Amino acid sequence: MVQGATNRRAFLTSIGSVAAVGTLESVGARPAAGTAQTENWTGYRGGPTHDGTATVDGIDAVERTRWAAGGEDQRATMPAVVDGTAYLGVGARVLAVDVQSGSVAWSASVPAPVPLTPCVGGTTLIATTNGGDVLAIDAESGERAWSIGVGGAAGVPAIRDGTAYVGTSNGRLLALDADSGSVRWSVRRDDVDVPEDSATRPVAIARPAPAVDDDAIYVNVTGSNGGKVVSLARQTGEERWRVGFEEDYVYPPALDGDRLAAASGYGELKVLSTQGGLVRWEKDFENGISSPPAFDGETVSIAHESTYSENRCYAIDADSGENRWEYRFEDATVTGGVSIANGTVYASTYTGSRTGTTVALDYDSGLEQFAYDTGVPTHRTPTPIADGVVIPDGAQVRCLGSDTGDTEPTNDTASRTATDSNDETTETGTSTESPDADRTDRQRDQNASTETTSSRPFLDDGGSRAGSRTLTLASIGVTIIGTLVGLVQLLRGD
Amino acid sequence: MARGSPHVVGALAGLPFVLTGGYISVSDGPAPRSVGLTLALFGALVVATGWYVRRTSPTPIDFGTDERVIATVEPNQWIATTKLALGAIVLLAAAILLFATRTALVYPTATFVVGYAALVAGLVDYWTNTLTTHYVTTQRIVSEYRFVSLNRQIIQVDDIIGVTHTQSALESLAGYGSVLVSSGGGNPSASQIVFGNVANPHEAVSALQSAQQDAN
């Protein structure tokens with residue numbers, strides 16, 4: 001069985017390599033597999049286009065946890081990763097962490113918890129807080145450059161060509177000079193209202209997240225009479241076009257070239273032209289889409305969440321709208337974010353019998369490469385990095401590596417820093433956190449569980465990860481039936 | 001109080017399920033947590049049933065002054081113990097397949113089913129035997145069993161029309177057997193009494209013959 005898994009992995013690796021070479025020829029922008037790679041995931045869902053697509057190779061196996069950050073009372077955001085450094089919010093701090101070693105380059109205190117992925121443009125990092133602050137921090141030193149209040153719950157920031165774009169839940173959209181924080185323009189939409197259930201939605205969805213290209217910004221607008229995707233002129237904030245959806249919440253659109261993919265929680269998926277908002281094609285995934293789409297120009301990938309049928313991850317041809325493949329989430333009750341790396345699609349899920357799983361799927365076939373179980377439910381989006389992936393683990397983020405590594409995390413890693421942060425908040429009576437040793441043990445246990453839980457089928461012919469549900473039904477059924485038969489025999493005295 | 005150590009058997013059989021099921025329930029191991037919870041509940045039920053059986057006993061029989069007990073026959077636990085041991089070994093193999101290997105889950109599941117069936121059969125046999133007693137008196141053949149309610153079968157010695165002694169080849173080697181007592185009258189439901197898993201079936205037959213002679 002182990003040999004079989006190895007052969008399958010080798011087979012998938014070779015497929016991935018061939019696919020990566022083919023893609024390089026057609027796109028001409030992606031690095032070839034095996035070459036030294038640096039990350040360019042500069043913000044929420046990859047950067048200002050929010051396309052959920054990375055330029056690094058995906059991995060097909062997990063060998064270790066490099067580091068983890070955050071905790072129950074110190075929620076960590078998914079990181080922006082630029083040139084080997086991950087930038088993320090952990091509680092009321094922003095950290096710069098070396099993605100290979102987990103060592104913390106700097107840690108900056110901010111006035112309130114950072115709920116959303118910061119973004120990095122040049123040497124400037126932009127973060128938003130729950131207190132309505134927009135902050136700029138020097139990405140090299142961790143020194144704060146400026147901060148302003150925006151008078152509302154700030155959404156995901158995006159930065160492009162020296163301008164930061166931030167929306168608020170009350171309909172305001174600002175363009176800020178990234179160097180000084182001065183407002184270049186500000187518009188307030190009067191068609192924004194906050195539905196009553198907004199508190200139950202992830203803030204990245206309930207708040208606007210502008211995607212930016214050379215000419216325009218494209219922002220999701222929440223409204224109780226149906227959400228929208230609105231395009232605004234990048235220089236002035238003037239509206240160019242809008243496309244409506246039936247559902248109140250529209251996910252942040254994913255932008256690639258002259259097209260963008262947008263989805264609503266009801267299951268509406270539309271690929272639009274950036275010129276005029278023309279609908280190229282649209283599909284209806286009944287009951288729901290659970291996260292923003294990932295869009296690399298060739299493929300739109302989404303996670304479908306259904307009350308009545310199996311939850312699945314879909315890869316859809318971006319030109320025709322035809323399904324290329326679909327992957328059924330075993331046991332998943334809630335599906336989460338999807339991202340694309342070279343050769344790999346990552347997706348995170350809540351599951352029924354297990355609490356959280358991130359799966360890596362072959363980009364071309366949808367075959368599962370590995371499944372990594374986490375201890376805490378989560379549905380945020382995995383972040384591809386060189387030779388690894390950063391995955392959500394409840395309030396934590398966990399950096400997984402496909403390399404074996406030589407050393408355990410040391411005291412100056414992100415794990416340690418998260419504990420330090422907790423020590424500070426403990427003084428103010430808001431947090432308790434397990435000691436460093438416990439965290440290290442948990443990491444070791446998690447590494448061990450990776451070896452035992454990933455990709456274990458019920459039958460020898462394998463296929464998808466179809467084991468745990470059958471095991472559950474068989475074991476519980478046999479136990480209950482056997483117990484009843486035994487009790488009846490005891491009652492009868494046979 | 002029942003004979004033997006049914007609570008010890010219950011604890012030995014049930015606690016591993018409680019521990020294994022509890023571990024699966026709280027860990028992120030190879031089996032789903034709902035399976036762990038089910039196994040833990042089953043283990044707790046086995047432990048509780050063992051204690052219940054220990055505290056359960058048939059009510060004493062009021063034999064008259066002119067009625068003498070010739071023999072008290074109790075089922076032997078050899079077969080039940082063998083089933084329990086086989087079940088434990090197979091379940092251990094299932095646990096090894098599940099936790100220590102990466103074989104397809106069908107193998108530990110199938111092994112679990114076999115071991116579980118053997119274990120449950122062994123437990124039922126052990127506890128049933130514990131709660132069963134046969135009496136041969138000068139007037140009656142009495143078989144008593146109590147789990148929740150009392151089940152007492154009686155055949156008058158005068159009504160006995162046949163005594164059948166059966167032994168399989170394996171039972172012959174081990175010295176075990178069953179004795180079937182058939183009645184020609186009385187309550188139809190008590191027309192047969194089986195002394196199952198008896199250690200010395202020849203002695204039981206002799207006692208029955210002695211009772212018939214006394215009655216004549």
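Residues numbered from 1 in each chain as written. Chains lettered and ligands numbered in written order. Predicted model: local features only at pLDDT ≥ 70, side-chain atom pairs only at ≥ 80, totals over all residues. Heavy atoms only, no water.

Caption draft 1: View of the overall build of chain B. Each helix and strand counted, chain B has six helices and seven strands in total. When the helices and strands of chain B are placed in sequence order, the string is α-α-β-α-α-β-β-β-β-α-β-β-α. When each of the 216 residues of chain B is scored for burial, the buried share is 47%. Sequence-distant contacts in chain B: of pairs separated by 6 or more residues, those separated by 24 or more amount to 65%. (Helix = DSSP H or I, 4+ residues; strand = E, 2+ residues; numbered from the N terminus. Buried < 20%, exposed > 50% of the residue type's maximum accessible area, 1.4 Å probe, protein only. Contact = heavy atoms within 4.5 Å.)

Caption draft 2: Highlighting the overall build of chain A. When helices and strands are counted, chain A shows five helices and 34 strands. Per element, the accessible surface of chain A, about 18400 Å² overall, is 49% carbon and sulfur. (Areas by Shrake-Rupley, 256 points an atom, 1.4 Å probe, with all protein chains shown as cover.)

Caption draft 3: Molecular detail of the layout of surface pockets. Counted as a void, the largest pocket has a volume near 610 Å³. Around the largest pocket, the lining is made up of 26 residues, and of these Pro16, Phe17, Ala88, Leu91 and Leu92 of chain B lie nearest the centre. Where the lining of the largest pocket is concerned, the elements lending two or more residues are α5 (467–492) of chain A together with α1 (6–26), α2 (33–55), α3 (78–99) and α4 (106–130) of chain B. Broken down by element, the lining of the largest pocket gets its largest block of residues, ten residues, from α3 of chain B. In terms of residue class, the lining of the largest pocket is built from 22 nonpolar, four polar and no charged. (1 Å grid on protein atoms, 1.4 Å probe; cavity = no way out; pocket = protein on both sides within 12 Å on 5 of 7 lines; lining within 4 Å. Points joined across faces, edges and corners; volume = space filled by probe spheres on them. Nonpolar A, V, L, I, M, F, W, Y, C, P; charged D, E, K, R; others polar.)

Caption draft 4: The arrangement of empty space enclosed by the protein in detail. Using the criterion set out here, one finds six cavities of 30 Å³ or more in the structure. Taken together, 13 residues form the lining of the second largest cavity, with Thr483 and Leu487 of chain A together with Phe42, Val46 and Trp127 of chain B sitting closest to its centre. Looking at the lining of the second largest cavity, the element that brings in the most residues is α5 of chain A, giving five residues. Looking at the lining of the second largest cavity residue by residue, the classes come out as nine nonpolar, four polar and no charged.

Caption draft 5: Representation of the pattern of salt bridges. Following the criterion strictly, the structure yields eleven salt bridges over all chains and no others. As a salt-bridge pair, Glu239 of chain A and Arg242 of chain A come within 2.9 Å of each other at their nearest N and O atoms. A salt bridge links Arg140 of chain B to Glu67 of chain B, with the shortest nitrogen-to-oxygen separation between them at 3.0 Å. One end of the pair, Arg140 of chain B, is in strand β3 (residues 140–146); the other, Glu67 of chain B, is in the loop between α2 and β1 (69–73), with 73 residues separating them in the sequence. We note that Arg140 of chain B, like Glu67 of chain B, is buried. (Salt bridge = Lys/Arg side-chain N within 4 Å of Asp/Glu carboxyl O.)

Caption draft 6: Here's a closer look at a negative patch on the surface. Among the surface-exposed residues, Glu246, Glu282, Asp284 and Glu286 of chain A lie close enough to one another that they form a single negatively charged patch. Note that Glu286 of chain A resides in the loop between β23 (279–284) and β24 (294–295). (Patch = residues over 30% accessible without salt bridge, like charges linked within 9 Å, V, L, I, M, F, W, Y side chains within 5 Å. Lys, Arg positive; Asp, Glu negative; His and termini not counted. Charge placed at Lys NZ, Arg CZ, Asp CG, Glu CD.)

Caption draft 7: Expanded view of the environment of Gly52 of chain A. Residues and elements named next belong to chain A. Summarising the element assignment, Gly52 is placed in the loop between β1 (40–41) and β2 (53–57). Each C-alpha atom of the pair Gly52 and Thr381 lies 8.3 Å from the other, and the pair is 329 residues apart in sequence. Setting aside residues no more than four positions away along its own chain, Gly52 makes contact with Trp41, Arg45, Ala294, Ser339 and Ile340.

Caption draft 8: Structural detail: the nonpolar core. Phe17, Phe42, Phe112, Tyr116, Leu119, Leu123 and Trp127 of chain B are the most contacted members of the largest nonpolar core, which totals 25 residues. Listing elements by their share of this core, those giving two or more residues are α1, α2, α3 and α4 of chain B. Beyond its immediate chain neighbours, meaning those up to four positions away, Leu119 of chain B contacts Ala13, Phe17, Phe42, Lys83, Leu84, Gly87, Ala88 and Leu91 of chain B. Counting residues in hydrophobic clusters, the runner-up holds 19 residues, among them Ala69, Met78, Ile385 and Ala386 of chain A. (Core = buried A, V, L, I, M, F, W, Y, C linked by side-chain atoms within 4.5 Å.)

Caption draft 9: Layout of the sheet that holds strand β8 (residues 119–121) of chain A. Residue and element names in this part refer to chain A. Taken together, the four strands give an open sheet; going across it, the order is β8-β9-β10-β11, and neighbouring strands pair in antiparallel fashion. Edge positions in the sheet fall to β8 and β11 (144–149), since each has one partner strand and no second. For this sheet, the mean inter-axis angle between neighbouring strands, taken without regard to orientation, is 20 degrees. (Pairing = 2+ DSSP bridges. Axes fitted to C-alpha atoms, helices over the stretch in contact; angles between N-to-C directions.)

Caption draft 10: Structural context of unusual backbone geometry. Residue and element names in this part refer to chain A. Its identity is not glycine, yet His50 carries a phi of approximately 55 degrees, on the positive side. Mapped onto the elements, His50 comes out in the loop between β1 and β2. Residue classification places His50 among the buried residues on the basis of a relative accessible area of 1%. Of note in the backbone geometry, Asp83 takes a positive phi value of approximately 50 degrees without being a glycine. Within the secondary structure layout, Asp83 lies in the loop between β4 (80–82) and β5 (85–90).

Caption draft 11: Local environment of the side chain of Arg140 of chain B. Residue and element names in this part refer to chain B. For Arg140, a relative accessible area of 17% translates into the label buried. At a separation of 3.0 Å, a polar atom in the side chain of Arg140 contacts the side chain of Glu67. Not counting chain neighbours up to four residues away, the residues in contact with Arg140 comprise Ile61, Asp62, Phe63, Glu67, Tyr135, Ile154, Ile155, Gln156 and Val157. (Polar contact = N/O pair within 3.5 Å; in protein donor to acceptor, adjacent residues only side chain to side chain.)

Caption draft 12: Highlighting the sheet that holds β5 of chain A. Residue and element names in this part refer to chain A. Reading across the sheet, the five strands line up as β1-β4-β5-β6-β7 and stay open at both edges, with antiparallel pairing between neighbours. For this open sheet the edge positions go to β1 and β7 (104–109), each flanked by a neighbour on one side alone. Pairing of β5 with strand β6 (residues 93–98), which is carried by six bridges, proceeds in the antiparallel orientation. Of the residues in β6, the one forming a bridge with Leu88 is Leu95.

Caption draft 13: Broad picture of a nonpolar patch on the surface. A cluster of nonpolar side chains, Ile480, Leu484 and Leu487 of chain A together with Leu45 of chain B, forms an exposed patch at the surface whose accessible area comes to about 320 Å². Looking at which element gives the most residues to the nonpolar patch, the answer is α5 of chain A, with three residues. Structurally, Ile480 of chain A can be placed in helix α5.

Caption draft 14: Examining the pairing of strand β21 (residues 259–263) of chain A more closely. Residues and elements named next belong to chain A. Of all the five residues making up β21, five are buried; the element is thus mostly covered by neighbouring parts of the structure. Neither face of β21 is exposed, since Arg259, Ala261 and Ala263 on one face and Leu260 and Ala262 on the opposite face are all buried. Bridge analysis of strand β20 (residues 254–256) against β21 gives three bridges, and the strand direction is antiparallel. By the bridge assignment for β21, Asp256 is matched with Arg259. What sits between β20 and β21 in their antiparallel hairpin is a turn of two residues, with Gly257 showing a positive phi close to 65 degrees.

Caption draft 15: Quick peek at the confidence of the model for chain B. Per-residue pLDDT for chain B has a mean of 82; in total, 90% of the residues score no lower than 70. The ipTM, which scores confidence in the relative placement of chains, is 0.71 for this predicted complex, and the corresponding pTM is 0.56. (pLDDT = per-residue confidence, 0-100.)

Caption draft 16: Spatial organisation of the packing of α1 of chain B against α2 of chain B. Residues and elements named next belong to chain B. Contact geometry of α1 with α2 gives a least axis separation of 7 Å together with a crossing angle of 165 degrees. In terms of orientation, α1 lies roughly antiparallel with respect to α2. The crossing of α1 and α2 is left-handed. Grouping the constituent residues of the contact of α1 with α2 by class yields 17 nonpolar, nine polar and two charged. (Parallel < 35°, antiparallel > 145°, perpendicular 65-115°, else oblique. Left-handed = near helix turned anticlockwise from the far one by under 90°.)

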